[in-house]
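Analysis of the macromolecular model
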Number of protein chains: 6
Amino acid sequence: MPYINVKITREGVTREQKRRIIGEMTQVLVDVLGKDPRTTFVVIDEVELDDWGIGGVPVPEFRKSGA
Amino acid sequence: MPYINVKITREGVTREQKRRIIGEMTQVLVDVLGKDPRTTFVVIDEVELDDWGIGGVPVPEFRKSGA
Amino acid sequence: MPYINVKITREGVTREQKRRIIGEMTQVLVDVLGKDPRTTFVVIDEVELDDWGIGGVPVPEFRKSGA
Amino acid sequence: MPYINVKITREGVTREQKRRIIGEMTQVLVDVLGKDPRTTFVVIDEVELDDWGIGGVPVPEFRKSGA
Amino acid sequence: MPYINVKITREGVTREQKRRIIGEMTQVLVDVLGKDPRTTFVVIDEVELDDWGIGGVPVPEFRKSGA
Amino acid sequence: MPYINVKITREGVTREQKRRIIGEMTQVLVDVLGKDPRTTFVVIDEVELDDWGIGGVPVPEFRKSGA
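Residues numbered from 1 in each chain as written. Chains lettered and ligands numbered in written order. Predicted model: local features only at pLDDT ≥ 70, side-chain atom pairs only at ≥ 80, totals over all residues. Heavy atoms only, no water.

Concerning the packing of aromatic side chains
- Using the criterion set out here, one finds twelve aromatic pairs over all chains in the structure.
- Both rings, one in Trp52 of chain A and one in Phe41 of chain D, keep their centres 5.5 Å apart while their planes meet at 70 degrees; by these two values the pair is edge-to-face. Here Trp52 of chain A, found in strand β3 (residues 52-54), pairs with Phe41 of chain D, found in strand β2 (residues 41-47), and the two come from separate chains. The same class applies to Trp52 of chain A and to Phe41 of chain D, which are both buried.
- Note on Tyr3 of chain B and Tyr3 of chain E: the rings are 3.7 Å apart at their centroids and 0 degrees apart in plane angle, and the pair reads as stacked. On the criterion of chain membership, the pair formed by Tyr3 of chain B in strand β1 (residues 3-9) and Tyr3 of chain E in strand β1 (residues 3-9) is interchain, its members lying in two chains.
- Of the residues examined, Tyr3 of chain B reaches a relative accessible area of 2% and is grouped as buried. (Phe/Tyr/Trp six-rings, centres within 6.5 Å; stacked < 30°, edge-to-face > 60°. Helix = DSSP H or I, 4+ residues; strand = E, 2+ residues; numbered from the N terminus. Buried < 20%, exposed > 50% of the residue type's maximum accessible area, 1.4 Å probe, protein only.)

Printed below as a string of structure tokens:
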């Protein structure tokens, strides 16, 4: 029954990387909680860099500041 | 006051189908809880097939496996 | 594959009402999009009145204002 | 540690406006709760008008109805 | 139409602080985007410290590590 | 920058299991995307069985049906 939502910045994540994230995150709940993979959802949301803020500024600016 | 978020795979859902989902889901809360439609939000998120995992693999692969 | 999240204020919603919401919301996606109920999740979140804001104030205050 | 998710309709919000939203929303939690901006996330999701329902209809229709 | 979800750790946030968060976050979208407060939702979710991870460990452990 | 939200049914998950979920899910994004654990959030939400629907009915009923 688990639902796992993974929000990451849109920075060229490949299909194969997404496939690994889906597989490995599902496996964590199989290993730790014995969940059934067939009723475990993983949804990946990619977010534009300008739409993600940290330190009170958008990510590109935060990274430039070297914080 | 309700907020309903509907995540579905991006597979050609039409405007009319979205309109029906909005109307009928709102109506469920009007019928069951007597909620006011004017302060009931429905937000539909369409998710790419490769971004949705079930059974530990992306949806296209899960469907091919016939699981 | 759909995931439906329903956020409502915590105001004495009964088990039977939750059961109806689950059933009827699932049915909307069966009717409109032909989705399989066995891979359709509905998650209901009840939110305390003081934790839900509308009109810039918590719900109890908004309702008192008769807005 | 806070995570703020802001869902708004996709209606031409500019980069500068997003930057202000990120900065000012982060500042609210700095002011009110003394949170550290460096571990405060703000994620903005823009939603298509047809994907957002209010009053049981999509936003464009709701606005036309003058409700 | 905006929906703002604020996830914070459960650490004794008072009703008055929640009221300020609701009011000030709503005001940000009034100021920046000219949104109508009456159709702006703010939902605050308080999360137990053990249910929030950063640095790969629960918050209490992260804080003890002085990271 | 990632934000991982894990929704699971409330069925006696222990602190140690939550700690493992936080650590191992963070590690997936370190391994696959090279993300920095210090700016990776994991939030676990436990959901009452009656608040989670699958197959159009609450989880307890779904399990009894042996589906």
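A few points about the pattern of salt bridges
- Applying the stated criterion across every chain, the model contains 66 salt bridges over all chains.
- Residue Glu46 of chain B is joined to Arg10 of chain B by a salt bridge in which the shortest nitrogen-to-oxygen separation is 3.8 Å. Linking Glu46 of chain B in strand β2 (residues 41-47) with Arg10 of chain B in the loop between β1 and α1 (15-33), this pair joins segments that are 36 residues apart in sequence.
- According to the relative accessible area criterion, Glu46 of chain B is buried, its value standing at 18%.
- Overall, the relative accessible area of 41% leaves Arg10 of chain B in the partly exposed class.
- In this structure, the salt-bridge partner of Lys35 of chain E is Glu11 of chain D, at a minimum N-O distance of 3.8 Å. (Salt bridge = Lys/Arg side-chain N within 4 Å of Asp/Glu carboxyl O.)

Here's the deal with the interface of chain C and chain F
- Residue-level contacts link 16 residues of chain C with 13 residues of chain F.
- A buried area of about 1,200 Å², summed over both sides, lies between chain C and chain F, and 55% of it is on carbon and sulfur atoms.
- For the pair chain C and chain F, the number of links is three salt bridges.
- Glu61 of chain F is the salt-bridge partner of Arg19 of chain C, the closest N and O atoms lying 2.7 Å from each other.
- The tally of links between chain C and chain F comes to seven residue pairs in polar contact (both at pLDDT 80 or more). (Contact = heavy atoms within 4.5 Å. Buried area = accessible area lost by both parts, 1.4 Å probe. Polar contact = N/O pair within 3.5 Å; in protein donor to acceptor, adjacent residues only side chain to side chain.)

Topic: the relation of the copies chain C and chain F
- Under the fitted operation, chain C is carried onto chain F by 0.0 Å of movement along the axis and a turn of 120 degrees, and the coordinates agree to an RMSD of 0.0 Å. The two molecules are tied by a three-fold rotation axis, judged by turn and shift. Identified as the residue of chain C closest to the rotation axis by C-alpha distance is Asp45 of chain C, at 5.8 Å. (Least-squares fit on C-alpha atoms with pLDDT ≥ 70 in both.)

Digging into α1 of chain B
- Here α1 of chain B is 19 residues long and its end C-alpha atoms lie 27 Å apart, about the 27 Å a rise of 1.5 Å per residue gives.
- Listed in full, the buried residues belonging to α1 of chain B are Lys18, Ile21, Ile22, Met25, Thr26, Val28, Leu29, Val32 and Leu33 of chain B. With its buried residues spanning 140 degrees around the axis, α1 of chain B presents them on a single face.
- Contacts from the buried residues of α1 of chain B go to β1 and β2 of chain B, β1 (3-9) and α1 (15-33) of chain C together with β3 (52-54) and β4 (57-58) of chain D.
- Looking at the residues trailing α1 of chain B, positive phi occurs at Gly34 of chain B, about 65 degrees. (Expected span 1.5 Å × (residues − 1). Arc of directions from axis to C-beta.)

Section: the sheet that holds strand β1 (residues 3-9) of chain F
- Ordered by their spatial adjacency, eight strands build an open sheet running β4(B)-β3(B)-β2(A)-β1(A)-β1(F)-β2(F)-β3(E)-β4(E), and the pairing between neighbours is mixed. Strands at the two margins of the open sheet, each flanked by one partner only, are β4 (57-58) of chain B together with β4 (57-58) of chain E.
- In the sheet, β1 of chain F pairs with strand β2 (residues 41-47) of chain F via seven bridges, with the strands oriented parallel. Within β2 of chain F, the position partnered with Asn5 of chain F by the bridge is Val43 of chain F.
- Across the sheet, helix α1 (residues 15-33) of chain A touches β1 (3-9) and β2 (41-47) of chain A, β3 (52-54) and β4 of chain B together with β1 of chain F, and the angle it forms with β2 of chain A is around 140 degrees.
- In the packing of helix α1 (residues 15-33) of chain F onto the sheet, contacts are made with β1 of chain A, β3 (52-54) and β4 of chain E together with β1 and β2 of chain F, and the angle to β2 of chain F comes to roughly 140 degrees. (Pairing = 2+ DSSP bridges. Axes fitted to C-alpha atoms, helices over the stretch in contact; angles between N-to-C directions.)

Some points on the relation of the copies chain F and chain A
- With an RMSD of 0.0 Å, chain F superimposes on chain A once it is rotated by 180 degrees and translated 0.0 Å along the axis. What the superposition gives is, in effect, a two-fold axis relating one chain to the other. When each C-alpha of chain F is compared by its distance to the rotation axis, Asn5 of chain F comes out closest, at 2.5 Å.
- A share of 100% of interface residues in chain F that are also interface residues in chain A marks the association as one of identical surfaces.

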